[in-house]
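# Secondary and tertiary structure notes
So you can see what is in the structure, the chains are spelled out below.
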Amino acid sequence: MHILITGAAGFIGSTLAHKLLARGDTVTGVDNLNDYYSVELKKARLMRLEAQPGFTFRHLDIADRKAVAELFATGHYDAVMNLAAQAGVRHSLKDPHAYVDANIVGFVNLLEGARHGGVGHFVYASSSSVYGSNSRQPFSEHDGVAHPVSLYAASKRANELMAHSYAHLFRLPCTGLRFFTVYGPWGRPDMALFLFTKGILEGTPIKVFNHGRMVRDFTYIDDIVEGVVRVIDRPARPADGWSPAAPDPATSDAPFRLYNIGNNQPVELMHYIHVLEERLGRKARLEMLPMQPGDVPSTVANVDDLASDLGFKPATSVETGIDRFVEWYVGYYKGGHAAGGAGGRRVGRVPGRRCGLGNGGGEQAAVAAHEIALAAEQREGREQRPAAGIVAKVPIGSHDRKPLLQGLLMATGEEVTRPEGQPRAQVLRVRADSPLEIGKGRGAGGHAHELEPRHHRADLGVSQGACRQTF
């Protein structure tokens, strides 16, 4: 299938794209790369995708009506997954117009494109926030959601209503997915786990709202993506026996459906913090604060419909999910990337690294240096061996992002040959205890770039678990 993903440089969008590409789908990704959070992180996600066959990126804003119309006029998509939105409950109190532009104007532009473009299934991200002041838990798609407590939630509920109207008027199959507190590697820097990890490692206080009396249905990213893929493959259909005399909000006599995707395992916020402290080996400094406007004390998902219709129920524990996130976070930022906050303060640097892979290569090389896992990390006395058989893809300048060098040097120093069918590669031999110096070569079109070994220990901090997430 050819699938259009909006918000492709985002947390969920980029992870979903990897999953679809891995099974053989063609993916066109769209993103405006705005600065709501670190653009460097978004570009790092995007670069991993651009190194893969079958992926095409279009830099555009879904609020741009003309650009979206052209997008659909120049390509046919079997399905659309709309993940582009202005996110964040609290930010909607500061910049409400951004939510109208992206979440309302942008959404109708996509509906129009899908309608006229003959799209077979229009899937979109809603949110658990739509449940608002509803206190009956676990939250069910069949409950009413007429009382949102933030503009963000209201915009997501508006998406559901707009999608139903297009399903009813134009028979466009539409499915909305209410995500519950998504977390994991490559996540958003404005989310709690990211902020807590950063604060604990830096020794700064972390903000704990409602004095810690919060419950969330934390849902691991891989579970979210598995649910999304299953939904994409099952276009919405009219519900048998649906009655306008007793209308069910989650279904319709039109091809329309709503699903919760949550872990169905409510976790107290303080337990979440304690698990993170254990994984980091440090205690958090807590700044206890009252409830934030627009927030709710508890969210729990009923996923019975997801399980019965799609045969899937998220099951990753927060202990497992947080462990994977910490491995990624430590590896990513020890690799020299800017921190996720607006200031972009660096938290680490690979010794001896010089970045210069062709045009625009500095930023790309910084990502490439991390993605080549050369060293095992000693964490809390436990040895993590680099994963064997992984192929590192090093994207080059902005005018030619084809993979240039492929290869991974193991702790043994053995050469690793390129897989069958991969583009031309240069096999490298570098000791596992050597950092990298990137920069020799003839620019974006050449094949003379190389990674030179140096003779003092690298501090890349990339473990086997992080490798699995990176590649």
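Scope of this entry: the structure provided in the associated data block. (Residues numbered from 1 in each chain as written. Predicted model: local features only at pLDDT ≥ 70, side-chain atom pairs only at ≥ 80, totals over all residues. Heavy atoms only, no water.)

What follows deals with the packing of helix α6 (residues 192–202) against helix α10 (residues 318–334). Two elements in contact, α6 and α10, have axes whose closest approach is 11 Å; the angle formed by their N-to-C orientations is 60 degrees. The angle between α6 and α10 falls in the class oblique. Once α6 is placed against α10, the crossing between them reads as right-handed. Touching L193, F194, T197, K198 and L201 of α6 are I322, F325, W328, Y329 and Y333, all from α10. Split into classes, the residues belonging to the contact of α6 with α10 amount to eight nonpolar, one polar and one charged. (Axes fitted to C-alpha atoms, helices over the stretch in contact; angles between N-to-C directions. Helix = DSSP H or I, 4+ residues; strand = E, 2+ residues; numbered from the N terminus. Parallel < 35°, antiparallel > 145°, perpendicular 65-115°, else oblique. Left-handed = near helix turned anticlockwise from the far one by under 90°. Contact = heavy atoms within 4.5 Å. Nonpolar A, V, L, I, M, F, W, Y, C, P; charged D, E, K, R; others polar.)

Our next topic: the packing of aromatic side chains. Per the counting criterion, the structure on display carries 27 aromatic pairs. Measuring from ring centre to ring centre gives 5.7 Å for F194 and F325, while their planes differ by 65 degrees; the resulting arrangement is edge-to-face. Of this pair, F194 sits in helix α6 while F325 sits in helix α10, and the two are 131 residues apart along the sequence. Each member of the pair F194 and F325 is classed as buried. Lying over the aromatic face of Y37, K42 brings its terminal NZ or CZ to 4.6 Å of the ring centre. Just above the ring of F170 sits the side chain of R115; from NZ or CZ to the centre is 3.9 Å. (Phe/Tyr/Trp six-rings, centres within 6.5 Å; stacked < 30°, edge-to-face > 60°. Buried < 20%, exposed > 50% of the residue type's maximum accessible area, 1.4 Å probe, protein only. Lys NZ or Arg CZ within 6 Å of the ring centre and 35° of its normal.)

The next subject is helix α5 (residues 151–170). An α-helical turn contains 3.6 residues, so any two residues separated by three or four positions project in the same direction. Compared with the 28 Å implied by 1.5 Å per residue over 20 residues, the 28 Å span of α5 between its first and last C-alpha is a close match. Y152, A153, S155, K156, R157, N159, E160, M162, A163, Y166 and A167 are the residues of α5 that are buried. Elements that come into contact with the buried residues of α5 comprise α4 (96–117), β5 (121–127), β6 (174–179) and β11 (256–261). Phi turns positive, to about 55 degrees, at R171, one or two residues after α5. (Expected span 1.5 Å × (residues − 1).)

Taken across its seven residues, β5 has seven buried, putting it largely inside the fold. Of the two faces of β5, the one lined by H121, V123, A125 and S127 and the one lined by F122, Y124 and S126 are each fully buried. With four bridges joining them, strand β4 (residues 79–82) and β5 adopt parallel strand pairing. Paired with V80 across the strands is F122, a residue of β5. As a crossover connection, the stretch from β4 through α4 into β5 is right-handed. Both β5 and β6 contribute to a ladder of six bridges, which runs parallel. Looking at β6, one finds that S126 is bridged to R178. (Pairing = 2+ DSSP bridges. Right-handed = clockwise from strand over helix to strand, strands pointing away.)

Attention now moves to the sheet that holds β5. Read across the open sheet, the seven strands follow the order β3-β2-β1-β4-β5-β6-β11; overall the sheet is parallel. Every interior strand has two partners, whereas the edge strands, β3 (55–59) and β11, have only one. Adjacent strand axes in the sheet meet at a mean angle of 20 degrees, parallel and antiparallel pairs treated alike. Relative to the sheet, helix α1 (residues 11–22) contacts β1 (2–6), β2 (26–31), β3, β4 and β6, its axis offset from that of β1 by approximately 165 degrees.

Attention now moves to the pattern of salt bridges. In this structure the tally under the stated criterion is 17 salt bridges. One salt bridge connects R188 with D190, and the closest N-O pair in it is separated by 2.7 Å. Among the salt bridges present, the one from R230 reaches E226, with a minimum N-O distance of 2.7 Å. With R230 and E226 both in helix α7 (residues 221–232), this residue pair falls four residues apart, about one helical turn. (Salt bridge = Lys/Arg side-chain N within 4 Å of Asp/Glu carboxyl O.)

Looking now at the side chain of K42. Considering the arrangement of structural elements, one finds K42 in helix α2 (residues 39–50). Separated by 2.7 Å, the side chains of K42 and N34 make a polar contact. The contacts of K42, once residues within four sequence positions are left out, are A9, L33, N34, Y36 and Y37. (Polar contact = N/O pair within 3.5 Å; in protein donor to acceptor, adjacent residues only side chain to side chain.)

Each pair of packed helices can be summarised by the angle the axes make with each other and by the distance between the axes. Relative to each other, helix α8 (residues 269–280) and α10 sit at 45 degrees, their axes nearing to 10 Å. Taken as axis vectors, α8 and α10 run oblique relative to one another. Crossing of α8 against α10: the hand is right-handed. Counting all contacts with α8, which are made through H271, Y272, V275, L276, R279 and L280, the residues of α10 involved are V318, E319, I322, D323 and V326. A class-by-class count of the residues in the contact of α8 with α10 yields seven nonpolar, one polar and three charged.

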